[in-house]
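Chain by chain, the residues:
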Amino acid sequence: MRLVFLGAPGVGKGTQAEKLSSKFGLKKISTGDLLREAVRNGTPLGLEAKSFMDQGRLVPDSVVIGLVREKLSDTSCSNGFVLDGFPRTVPQAEELGRVLDERSIDLSAVINFEADRDEIVNRLSGRRSCPKCQATYHTEFAPSKTGNSCERCSELLVQRSDDTKEAIETRLKVYQEQTAPLIAYYQNRNLLSQVASMGPIDSVFDSLVKVITADKHA
Ligand code: AMP
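Residues numbered from 1 in each chain as written. Predicted model: local features only at pLDDT ≥ 70, side-chain atom pairs only at ≥ 80, totals over all residues. Heavy atoms only, no water.

Student: Explain the sheet that holds strand β1 (residues 2-6) to me, please; I cannot follow it from the model alone.
Tutor: By way of backbone hydrogen bonds, the strands of a sheet pair with one another, either parallel or antiparallel. Overall, parallel pairing links the five strands, which are arranged β2-β3-β1-β4-β7 in an open sheet. Two strands in the sheet have a free side with no partner beyond their single neighbour: β2 (27-30) and β7 (192-196). Between one strand and the next, the sheet's axes are offset by a mean angle of 25 degrees, whatever the strand orientation. Pairing geometry for β1 and strand β3 (residues 81-84), over four bridges, is parallel. Pairing of Arg-2 across the sheet is with Phe-81, part of β3. Its contacts with the sheet place helix α9 (residues 201-213) against β1, β4 (109-114) and β7, and it is angled at close to 160 degrees to β7. (Pairing = 2+ DSSP bridges. Helix = DSSP H or I, 4+ residues; strand = E, 2+ residues; numbered from the N terminus. Axes fitted to C-alpha atoms, helices over the stretch in contact; angles between N-to-C directions. Contact = heavy atoms within 4.5 Å.)

Structure below.
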């Protein structure tokens with residue numbers, strides 16, 4: 001399976017991509033995670049990306065496309081992959097099409113996750129993550145069993161620098177302007193399926209598995 005996960009920030013793409021990757025042995029490629037890793041490591045790419053990310057703006061296409069190209073050529077993708085947070089603009093989608101063509105492969109499906117704006121804002125503002133292993137929690141919906149530290153590695157949980165009120169507003173606006181047009185883009189290519197992303201993580205996951213194992217995408 002070769003999947004793209006679309007949807008507003010905070011809709012749950014990363015959480016669902018993680019679960020789906022474990023269940024089906026797919027490689028999860030999250031451009032947000034890759035960029036945050038570059039920022040943490042202080043690489044030139046990370047330094048270039050940081051100010052865009054902190055403000056909630058998109059990192060330039062050329063930077064992100066280079067990252068994804070490199071990851072897709074990795075043998076760990078041969079069993080399939082989930083692209084989480086890429087593409088986010090029409091030029092990125094076009095470039096992804098070219099990369100897949102070069103490898104003579106197609107996407108199996110593009111899943112568009114949907115949730116109400118209020119729910120999204122709640123999810124983003126309560127999100128906490130582990131700076132060491134990147135595990136994510138939510139103060140209300142998925143709290144860490146160990147309080148404000150990570151269940152896996154005991155690190156103190158932090159709020160992402162782009163989960164502040166101002167950055168959340170910008171990210172939602174950027175999503176509407178630059179990423180939402182991809183819904184029609186993939187609909188026109190007969191690849192789009194919708195998954196309602198309201199409610200508990202496990203019930204969203206059940207809906208997702210039903211959609212991707214339906215005949216159309218098998
Ligand atoms: P995410 O973890 O997917 O919410 O991404 C966090 C931030 O990383 C975004 O707000 C952007 O600044 C940057 N980013 C992630 N993916 C992309 C992408 N495909 N294109 C441009 N910027 C991206």
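Having seen it, we continue.
Student: Looking at this model, I keep getting lost on the nonpolar core. Mind explaining?
Tutor: Core analysis: the largest hydrophobic core is formed by 54 residues, its most contacted members being Phe-5, Leu-20, Leu-72, Leu-96, Leu-107, Tyr-186 and Leu-208. In terms of residues, this core owes the most to one element, helix α4 (residues 61-72), which gives six residues. When sequence neighbours within four positions are dropped, the list of residues in contact with Leu-96 reads Val-4, Leu-72, Leu-83, Phe-86, Pro-87, Leu-107 and Tyr-186. Counting residues in each nonpolar core, the second largest holds five residues, with Cys-130, Ala-135, Tyr-137 and Cys-150 among its members. (Core = buried A, V, L, I, M, F, W, Y, C linked by side-chain atoms within 4.5 Å. Buried < 20%, exposed > 50% of the residue type's maximum accessible area, 1.4 Å probe, protein only.)

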